[in-house]
Amino acid sequence: MGLLPPLLLLIPFLLVRAPGRAEACSKFHESIFELAHSASRVAVARVENGGFGFGTLRVLRGLKGVAKGKLLTPGKANTSCGVRYNKGRRVLVFVTKKGWLAGSYEGLIEAKDHKGEFKDATKTLLVFLRARGPADQLKVLRNAIETSGDWVRYEALYFLQGSPDLLRLMTDADLQVIEANLHRARHATTAAQLLARLGNEQSLIRVKKAAASSREAAQAYQGVEKLFASSLALRQLTDTDKLATMVGDASIPIHTRIAALSRCELSHGKSLFRFAGYVGGLAEHVWPKLALACRRGKPHRW
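Residues numbered from 1 in each chain as written. Predicted model: local features only at pLDDT ≥ 70, side-chain atom pairs only at ≥ 80, totals over all residues. Heavy atoms only, no water.

Enquirer: Quick rundown of the overall build of the protein? Include the residues and the values.
Expert: Within the protein one finds 14 helices and 5 strands. Among the 302 residues that make up the protein, the fraction classed as buried is 52%. Within the protein, counting contacts between residues at least 6 apart in sequence, those at least 24 apart form 65% of the total. Total accessible area on the protein stands at roughly 14,200 Å², and carbon and sulfur atoms take up 52% of it. (Helix = DSSP H or I, 4+ residues; strand = E, 2+ residues; numbered from the N terminus. Buried < 20%, exposed > 50% of the residue type's maximum accessible area, 1.4 Å probe, protein only. Contact = heavy atoms within 4.5 Å. Areas by Shrake-Rupley, 256 points an atom, 1.4 Å probe, with all protein chains shown as cover.)

Enquirer: Kindly report on the packing of aromatic side chains, identifying the contributing residues and their values.
Expert: In the structure shown here, the tally under the stated rule is 5 aromatic pairs. Ring plane angle 90 degrees and centroid distance 5.6 Å describe the contact between Phe128 and Phe159, whose orientation is recorded as edge-to-face. With Phe128 in helix 3 (residues 118–129) and Phe159 in helix 5 (residues 150–161), this pair connects stretches of sequence that are 31 residues apart. Residue Phe128 shares its accessibility class with Phe159, and that shared class is buried. The interplanar angle of 35 degrees and the centroid separation of 5.8 Å between the aromatic rings of Tyr154 and Tyr158 together place this pair among those described as tilted. Taken together, the positions of Tyr154 and Tyr158, both in helix 5 and 4 residues apart, correspond to about one turn of that helix. No difference in accessibility class separates Tyr154 from Tyr158, as the two residues are buried. The ring of Phe275 has Arg197 sitting right over it, with the charged end atom 4.2 Å from the ring centre. (Phe/Tyr/Trp six-rings, centres within 6.5 Å; stacked < 30°, edge-to-face > 60°. Lys NZ or Arg CZ within 6 Å of the ring centre and 35° of its normal.)

Enquirer: Quick one: what's the story with the pattern of salt bridges, residue by residue and with numbers?
Expert: One pass over the structure, following the stated rule, counts 13 salt bridges. With a shortest N-O distance of 3.2 Å, Asp113 and Lys112 are connected by a salt bridge. For Asp113, a relative accessible area of 39% corresponds to the partly exposed category. In this structure Lys112 comes out as partly exposed when scored by relative accessible area, which is 40%. Here Arg184 and Asp150 are joined by a salt bridge, their closest N and O atoms 3.7 Å apart. In this pair, Arg184 sits in the loop between helix 7 (172–179) and helix 8 (188–198) while Asp150 sits in helix 5, placing the two residues 34 residues apart along the sequence. Residue Asp150 is classed as partly exposed on the basis of its relative accessible area of 37%. Linked by salt bridges that have partners in common, Arg89, Glu110, Lys112 and Asp113 make up one network. (Salt bridge = Lys/Arg side-chain N within 4 Å of Asp/Glu carboxyl O.)

It is worth stressing that arrangement in space is one thing and function is another; only the former is reported here.
Here it is in structure tokens:
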């Protein structure tokens with residue numbers, strides 16, 4: 001038992017190979033919901049022409065900040081995380097205010113890579129972008145987690161896992177929707193991490209029951225058992241100064257420090273550092289910076 005097994009720790013880093021992407025590329029995964037939130041323009045488009053790192057796109061359906069028929073020409077990224085624009089392909093594209101692809105190569109998603117789910121993803125994103133505040137966003141994500149296919153379901157789970165402002169709105173009914181994914185091989189680890197950072201006692205009872213009847217749930221729970229216990233122990237602690245002291249204390253167990261940082265984020269109602277980046281532990285020199293972020297309530301940037 002303990003922290004996440006080495007293989008499971010790699011899950012947030014596993015990246016879908018993009019056509020033409022350089023092999024040296026490495027980055028944290030950014031979900032389609034995160035990309036939609038950060039981008040100034042989101043659209044379903046057709047690649048009119050292009051090559052590696054550059055392209056011209058005709059908007060077929062604007063989801064955010066751009067109308068049908070308009071042309072998009074995302075800037076060429078000077079990075080190993082470039083992407084190839086394949087002429088004639090239908091894509092979901094996310095463009096920043098400065099004209100770059102949001103999320104580097106993850107900002108261009110070809111429809112052919114997600115047959116059967118591309119339409120659902122587009123519809124779900126549109127509803128998400130029209131949501132009036134966190135409560136409505138949570139409803140959209142819950143529906144995706146409950147009813148969508150593997151890809152959109154994972155994207156919703158991953159985004160929700162790292163969104164403290166939404167997590168603290170979750171009801172017991174919401175938790176049970178997450179728990180249902182403990183039996184799914186692709187989603188069990190992400191679901192378990194989400195539940196562990198919340199540290200809900202009734203949820204823990206149900207998670208243990210699921211672990212007794214499902215190999216996927218058992219493996220996922222094994223990876224977060226100590227984190228779950230630490231989160232439960234800190235559940236009532238909202239003093240961010242005390243939490244910050246725990247985050248920065250190298251003498252206490254790492255799972256307790258992770259739980260303290262998570263609790264601090266939930267108390268502030270905002271992400272201070274990418275959850276997928278610290279849930280498996282970090283180099284010691286980073287923790288004092290995260291402790292400061294916890295105390296100030298301001299996100300830490302690399």
